[in-house]
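Structural overview
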Amino acid sequence: MNTLTVVAQTGGAQNGAAAAAPLALAPVNSISLRDQAYAMLKDAIATTDIYSHKQPLRLDERQLMQALGVSRTPVREALSILEQEGFVRTVPRRGIFIIRKSKREIIEMIQMWAALESMSARLATLHAPDAEIGKLRHLFDEFEHSPPAEHIGEYSDANIAFHQMIIKLGGSQVIADATKNLFIHVRAIRKATISQNDRAARSIIDHLKIIEALERRDTELAERLTRQHTLDLAAHVERYCDFLD
């Protein structure tokens with residue numbers, strides 16, 4: 001750490017009085033290895049099917065170092081941040097594990113998502129450009145002539161993209177930030193449940209109704225439909241997802 005002296009001068013450039021104030025500065029660096037490891041690990045956790053297996057999901061530190069091409073220190077620092085954020089936990093003498101939420105925790109996270117996403121839908125009707133709202137329909141072009149159940153993997157991805165886009169259309173950075181960490185677990189449970197009880201077929205009907213409300217700028221309807229659609233997921237988890245306990 002170096003110290004830079006900043007001189008604040010008053011009066012003329014040649015004869016003004018000057019007061020020196022030290023500022024503690026570090027050399028300018030590119031993104032740290034820790035931050036890169038953190039971003040890549042978090043993204044990998046986000047795309048992992050956390051809830052498809054009952055056995056604990058253990059992370060091997062040596063394998064992570066090898067895969068990321070970095071030393072132990074950045075990996076440990078990245079894992080420490082992820083642990084503070086509630087995505088992994090360290091079990092003494094056993095290792096580091098990805099955290100899976102209980103059924104009650106998942107339901108509460110979905111309920112919070114419903115509140116935030118429905119407000120985003122409301123804001124979208126007030127502020128989002130027509131062209132951006134119109135992009136929502138194109139997410140489902142592939143399923144216009146064949147049911148989602150025949151393309152469940154692709155539909156699952158489109159379903160998740162739809163909900164992310166609603167948040168984006170709302171234009172609120174505060175909501176976007178609040179949903180960022182929620183998204184990892186809500187995304188995982190959407191992926192795990194989309195093929196259950198004909199949810200995909202009912203889901204696409206709900207999505208099209210929400211899109212129509214957004215296109216008509218029907219603020220109250222768009223908000224209500226979006227909230228109920230996500231609360232229906234919470235009800236499904238409550239009724240059918242005993243594997244979470």
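Here the structure is a predicted model, which means the values were calculated and not measured.

Along its length, the protein chain carries nine helices and five strands. Ordering the α and β elements of the protein chain from the N terminus gives β-β-α-β-α-α-β-β-α-α-α-α-α-α. Looking at the protein chain as a whole, 40% of its 245 residues are labelled buried. Excluding contacts between residues fewer than 6 apart, the proportion of contacts in the protein chain whose partners are at least 24 apart in sequence is 71%. If you sum the accessible surface of the protein chain, you get close to 14000 Å²; carbon and sulfur atoms cover 53% of it.

A few words now on the sheet that holds strand β3 (residues 58-59). Strand order across the open sheet formed by three strands is β3-β5-β4, with antiparallel pairing between neighbours. Of all strands in the sheet, those bounded by a partner on one side alone are β3 and β4 (88-91). Alignment of β4 against strand β5 (residues 95-98), held across four bridges, turns out to be antiparallel. Its bridge partner lying in β5, Val 88 is registered against Ile 98.

With that settled, consider the packing of aromatic side chains. Scanning the model with the defined rule gives four aromatic pairs in all. Centre to centre, the rings of Trp 113 and Phe 183 are 6.1 Å apart; their planes meet at 35 degrees, and the pair counts as tilted. Taken together, the residues span a long stretch of sequence, with Trp 113 in helix α4 (residues 103-127) and Phe 183 in helix α7 (residues 173-193) at a distance of 70 residues. Overall, Trp 113 belongs to the buried group, its relative accessible area being 2%. With relative accessibility at 16%, the residue Phe 183 sits in the buried group. Centre to centre, the rings of Phe 140 and Phe 162 are 5.7 Å apart; their planes meet at 55 degrees, and the pair counts as tilted. In this pair, Phe 140 is assigned in the loop between α5 (130-138) and α6 (152-170) and Phe 162 in helix α6, connecting sequence segments 22 residues apart.

The α-helix winds at 3.6 residues per turn, so residues separated by three or four positions along the chain end up facing the same way. Between the first and last C-alpha of helix α9 (residues 219-240) there are 32 Å, a value that for 22 residues agrees with the 32 Å anticipated at 1.5 Å per step. Residues of α9 that are buried include every one of Thr 219, Leu 221, Ala 222, Glu 223, Thr 226, His 229, Thr 230, Leu 233, Ala 234, His 236 and Val 237, and no others. In this fold, the buried residues of α9 make contact with α4, α6, α7 and α8 (199-215).

Below, the discussion takes up the confidence of the model for the protein chain. For the protein chain, per-residue confidence averages 87 on the pLDDT scale, and 87% of positions sit at 70 or higher. Across the protein chain, element-level confidence peaks in α4 with a mean pLDDT of 97 and bottoms out in strand β1 (residues 2-9) with 45. Below pLDDT 50 for its whole length, residues 2-10 participates in 26 contacts with residues either more than four positions away or in separate chains.

Looking now at the packing of α4 against α6. Between α4 and α6, the shortest axis-to-axis distance is 7 Å and the interhelical angle comes to 55 degrees. Classified by the interaxial angle, the pair formed by α4 and α6 is oblique. Two packed elements cross with a definite hand, and for α4 against α6 that hand is left-handed. Taking contact as the criterion, the partners of Trp 113, Leu 116, Glu 117, Ser 120, Ala 121, Leu 123 and Ala 124 in α4 are, on α6, His 163, Ile 166, Ile 167, Leu 169 and Gly 170.

Here is what the cut-offs are and how they apply
- Residues numbered from 1 in each chain as written.
- Predicted model: local features only at pLDDT ≥ 70, side-chain atom pairs only at ≥ 80, totals over all residues.
- Heavy atoms only, no water.
- Helix = DSSP H or I, 4+ residues; strand = E, 2+ residues; numbered from the N terminus.
- Buried < 20%, exposed > 50% of the residue type's maximum accessible area, 1.4 Å probe, protein only.
- Contact = heavy atoms within 4.5 Å.
- Areas by Shrake-Rupley, 256 points an atom, 1.4 Å probe, with all protein chains shown as cover.
- Pairing = 2+ DSSP bridges.
- Phe/Tyr/Trp six-rings, centres within 6.5 Å; stacked < 30°, edge-to-face > 60°.
- Expected span 1.5 Å × (residues − 1).
- pLDDT = per-residue confidence, 0-100.
- Axes fitted to C-alpha atoms, helices over the stretch in contact; angles between N-to-C directions.
- Parallel < 35°, antiparallel > 145°, perpendicular 65-115°, else oblique.
- Left-handed = near helix turned anticlockwise from the far one by under 90°.

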